[in-house]
Amino acid sequence: MQKLTPFLISCIVLLGAVACEDVARTDRTAPAPGEVVEAPTPEERQASLEDSQSEIRRRQLDADIRAREERTDALADDTTDRTPEDLASEVRSKLEANIPDGRLTVQATEQGTVIVSGTVNNQAQLSKIEPLAQEINGVNDVIVNAVVAPPRG
C-alpha cells in the first residue's frame, strides 16, 4: 500500500498536467493570445456578465482562490517557485472577480511575467488589469495586450 499511494498520486498529477491548457481565460469566448478579436455583441456581453456574477460562479472563484492560497501556504518556503500555470490561473481568477464582463486570456512565464490579452468594455477596466495582476504573489511583470472594445450594437 505504501508503494501504491505515491504511484497513484503521480499518475493523477501527470494526467492533470497533460489536461491543462497554456492559457487561463476569464470567459469561454476569450480570444487566444495574439488573436485579433471583434467586439462582442451586447447579448454576448450580458451573457458573460450574468455568468460571471452568478452565485455559483462567485462560490467557484472564492473556493479556487482559497484552495490556491492554502496550497501555497502549505508548501511555502524560500525555494518554492510558482508554476506559470498557477500564476496564470490565479491572475485569471483575480481579473474575473474584478472585471466580470471582460473577455481576457492570461499567460504566464517561468520568470513571473504575466501577459493579458483580450477585450474590456472601457478604459477604467483596462487600467485595472495591471494593478490587479501585480497583487498576486509571484507576478514580477505584467504585459497588457488587452484592448477596449465597447459592445457592438
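The structure this text deals with has already been given above.
Residues numbered from 1 in each chain as written. Predicted model: local features only at pLDDT ≥ 70, side-chain atom pairs only at ≥ 80, totals over all residues. Heavy atoms only, no water.

What follows deals with the pattern of salt bridges. In the structure shown here, the tally under the stated rule is two salt bridges. Measuring nitrogen to oxygen at the nearest pair gives 2.7 Å for the salt bridge that ties Glu 96 to Arg 92. Here Glu 96 and its partner Arg 92 are both found in helix H4 (residues 84-98), four residues apart, which amounts to about one turn of the helix. Residues Glu 96 and Arg 92 agree in their burial class; the two are buried. A salt bridge links Glu 135 to Lys 94, with the nearest nitrogen and oxygen atoms 2.7 Å apart. Pair noted here: Glu 135 is in the loop between helix H5 (123-134) and strand S4 (141-144) and Lys 94 is in helix H4, with a separation of 41 residues, a long-range link. A residue is classified by how much of its surface remains accessible, and Lys 94, at 22% relative accessible area, is partly exposed. (Salt bridge = Lys/Arg side-chain N within 4 Å of Asp/Glu carboxyl O. Helix = DSSP H or I, 4+ residues; strand = E, 2+ residues; numbered from the N terminus. Buried < 20%, exposed > 50% of the residue type's maximum accessible area, 1.4 Å probe, protein only.)

At 3.6 residues per turn, the α-helix brings residues three or four places apart onto the same side. With 21 residues, helix H3 (residues 55-75) ought to run about 30 Å at 1.5 Å a step, and its terminal C-alpha atoms sit 30 Å apart, in line with that. Among the residues of H3, Arg 57, Leu 61 and Arg 68 are the ones counted as buried. Seen along its axis, H3 keeps its buried residues to an arc of 45 degrees; they face one direction. When the buried face of H3 is taken as reference, the exposed residues oriented beyond 90 degrees from it are Glu 55, Ile 56, Arg 59, Glu 70, Asp 73 and Ala 74. (Expected span 1.5 Å × (residues − 1). Arc of directions from axis to C-beta.)

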